Amino acid sequence: MTKSVGCAIIGQTADLAPADKRFYGIRDVTATVESVSLITASILSKKLAAGLDALVLDVKCGNGAFMKDADEARELATSLVNVANGAGVKTTALLTDMNQPLASAIGNAVEMRNAVRLLTGDSADTRLEAVTVELCSEMLVSAGVATSLEDAREQCLHALSSGAAAEKFGQMVSELGGPSDFVESFDAHLVAAPVIRDVLAQDSGMIGAIDAFGLGVAVIELGGGRRVAADLIDHSVGYSGVVQIGDRIVSGDLLGTVHAASEDAADRAEAALRAAVSFGAVSEAPLFLERITR
């Protein structure tokens, strides 16, 4: 598939680094899930087994990430970069802020709609675009396709504006077994939630902080994520149009839209969104905290 299309989005199977699952089970019962050395081994076992020549890692940092502060994220990123390079894979990592959702959509189908709209130029989700372009630029340089990050960024932005990125995404979806017209008719292929409710601001002011972790938990409560491996996922639920830190809001403006399976679930999701969004002085961190190389 990657030979014919040039890209693929895949997940781990039992045939790729099969021991990793057993090691994770041991970490879980021995309270060593947070061990940087074991996290490094778990993440890189799959990457190295895939036979990569180059690797770019996005290491999140903030209230919505596993690593809550910059020192923890830097320690993990440095470990990943050093071990991967030591194994012969040219690797860099970006430390990126996760003190608010990366995109304005949180969930499965809602995020897919948001991604296609970004690819086709129908939305301007600036944080998502910035992180995507920067990661892709790092990859282009590491792979020798671009001579510099500046050159790589120009290539990425041209791919977006020309429609080449959307076309390639559509080809990939089709080759992975999805519909051939997914990009053109994504709403016809993505399930919609029974209850879609706008959540309007009751106060005015500037959005000062957003609890990204709280919103992630709320999506799980909606059914959009798993508590245990056997849980079924409702792909229709989540949030869209969520505000960002620094937005100026007037009472009655949209804080976000809830996508839920029932009115009761929508009530709980609305309450969670209101609790996660705080008005006040802006506490926004830079989107890119650091670039880690060997």
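Here, every reference points to the structure presented above.
This report concerns the structure included in the present document. None of these values were measured; they are calculated from a predicted model.

### Side note on the overall build of the protein chain
Now for step 1: Within the protein chain one finds 11 helices and 10 strands.
Now for step 2: A compact globule built from 294 residues would reach a C-alpha radius of gyration of about 19 Å, and the protein chain, at 20 Å, matches this within 12%.
Now for step 3: Dimensions of the protein chain along its principal axes, counting C-alpha atoms only, are 55 × 50 × 40 Å.
Now for step 4: Among the 294 residues that make up the protein chain, the fraction classed as buried is 39%.
Now for step 5: Total accessible area on the protein chain is roughly 15300 Å²; 55% of this is exposed by carbon and sulfur atoms.
Now for step 6: Here the protein chain contributes 23 positively and 39 negatively charged side chains, and the mean placements of these two sets differ by 6 Å.

### Comments concerning the nonpolar core
Now for step 1: Ranked by internal contacts, the top residues of the largest apolar core, which has 25 residues, are Ile207, Leu215, Tyr239, Val243, Leu255, Val258 and Leu273.
Now for step 2: Taken together, the elements giving at least two residues each to this core come down to strand 4 (195-200), strand 5 (205-210), helix 10 (212-222), strand 8 (254-260) and helix 11 (263-276).
Now for step 3: If one sorts the elements of this core by residue count, helix 11 sits on top with five residues.
Now for step 4: If you look at the next biggest cluster of nonpolar residues, it comprises 18 residues, including Leu44, Leu57, Cys61 and Ala77.

### Concerning the environment of Gly214
Now for step 1: In this fold, Gly214 is placed in helix 10.
Now for step 2: Sequence separation of Gly214 and Asp58 is 156 residues, and the distance between their C-alpha atoms is 21 Å.

### Description of a nonpolar patch on the surface
Now for step 1: Where nonpolar side chains cluster on the molecular surface, the patch consists of Met1, Ile9 and Leu176 and spans about 280 Å² of accessible area.
Now for step 2: With respect to the helices and strands, Met1 occurs in the segment before helix 1 (2-5).

### Remarks on the layout of surface pockets
Now for step 1: Reported here for the second largest pocket is a volume of approximately 370 Å³.
Now for step 2: Lining the second largest pocket are 15 residues, and of these Ile43, Leu57, Asp58, Val59 and Lys60 lie nearest its centre.
Now for step 3: Elements that contribute at least two residues to the lining of the second largest pocket include exactly helix 3 (36-49), strand 1 (54-61) and helix 4 (70-86).
Now for step 4: No other element matches the six residues that strand 1 contributes to the lining of the second largest pocket.
Now for step 5: Partitioned by chemical class, the residues of the lining of the second largest pocket number 12 nonpolar, no polar and three charged.

### Considering the packing of aromatic side chains
Now for step 1: Summed over all chains, the structure comprises one aromatic pair.
Now for step 2: An angle of 55° between the planes, with centres 6.4 Å apart, marks the rings of Phe169 and Phe182 as tilted. With Phe169 in helix 8 (residues 164-175) and Phe182 in the loop between helix 8 and helix 9 (186-189), this residue pair connects regions lying 13 residues apart in the sequence. Residues Phe169 and Phe182 agree in their burial class; the two are buried.

### Focus on the sheet that holds strand 9 (residues 277-279)
Now for step 1: Taken in spatial order, the three strands of this open sheet run 7-5-9, and their pairing is antiparallel. Of all the strands in the sheet, the pair left with one neighbour each is strand 7 (248-249) and strand 9.
Now for step 2: Bridging between strand 5 and strand 7 involves two bridges; their strand directions are antiparallel. When the sheet's bridge partners are listed, Met206 is paired in strand 7 with Arg248.
Now for step 3: Of the strands in this sheet, strand 5 and strand 9 touch helix 11, which is tilted by about 40° from strand 9.

### Here's the deal with helix 11
Now for step 1: With 14 residues, helix 11 extends 20 Å from end C-alpha to end C-alpha; this agrees with the ideal 20 Å at 1.5 Å per step.
Now for step 2: In this structure, the buried residues of helix 11 make contact with strand 4, strand 5, helix 10, strand 6 (238-240), strand 8 and strand 9.

### Some remarks on the sheet that holds strand 3 (residues 106-107)
Now for step 1: A sheet is described by the order of its strands in space; here four strands give the open sequence 3-6-8-4, paired in antiparallel fashion. The strands lining the two open edges of the sheet, one partner per strand, are strand 3 and strand 4.
Now for step 2: The sheet contact formed by strand 3 and strand 6 spans two bridges and is antiparallel. If you follow Ile106 over to strand 6, its bridge partner there is Tyr239.
Now for step 3: Running over the sheet, helix 10 touches strand 3, strand 6 and strand 8 and is turned about 125° from strand 6.

### Regarding the pattern of salt bridges
When charged atoms on two side chains of opposite charge get close, those side chains can pair.
Now for step 1: Counting across every chain of the model gives 14 salt bridges.
Now for step 2: Residue Arg74 pairs with Asp71 through a salt bridge whose shortest N-O separation is 2.9 Å. Residue Arg74 and its partner Asp71 are located together in helix 4, separated by three residues, close to a single helical turn.
Now for step 3: With relative accessibility at 29%, the residue Arg74 sits in the partly exposed group.
Now for step 4: In this structure, Arg227 engages Glu221 in a salt bridge whose closest nitrogen and oxygen atoms are separated by 2.9 Å.
Now for step 5: In the salt-bridge network here, residues are joined through shared partners; they are Arg197, Glu263, Asp267, Glu270 and Arg274.

Cut-off values and rules
Residues numbered from 1 in each chain as written. Predicted model: local features only at pLDDT ≥ 70, side-chain atom pairs only at ≥ 80, totals over all residues. Heavy atoms only, no water. Helix = DSSP H or I, 4+ residues; strand = E, 2+ residues; numbered from the N terminus. Rg over C-alpha atoms; globule rule 2.2 N^0.38 Å. Buried < 20%, exposed > 50% of the residue type's maximum accessible area, 1.4 Å probe, protein only. Areas by Shrake-Rupley, 256 points an atom, 1.4 Å probe, with all protein chains shown as cover. Lys, Arg positive; Asp, Glu negative; His and termini not counted. Charge placed at Lys NZ, Arg CZ, Asp CG, Glu CD. Core = buried A, V, L, I, M, F, W, Y, C linked by side-chain atoms within 4.5 Å. Patch = residues over 30% accessible without salt bridge, like charges linked within 9 Å, V, L, I, M, F, W, Y side chains within 5 Å. Salt bridge = Lys/Arg side-chain N within 4 Å of Asp/Glu carboxyl O. 1 Å grid on protein atoms, 1.4 Å probe; cavity = no way out; pocket = protein on both sides within 12 Å on 5 of 7 lines; lining within 4 Å. Points joined across faces, edges and corners; volume = space filled by probe spheres on them. Nonpolar A, V, L, I, M, F, W, Y, C, P; charged D, E, K, R; others polar. Phe/Tyr/Trp six-rings, centres within 6.5 Å; stacked < 30°, edge-to-face > 60°. Pairing = 2+ DSSP bridges. Contact = heavy atoms within 4.5 Å. Axes fitted to C-alpha atoms, helices over the stretch in contact; angles between N-to-C directions. Expected span 1.5 Å × (residues − 1).

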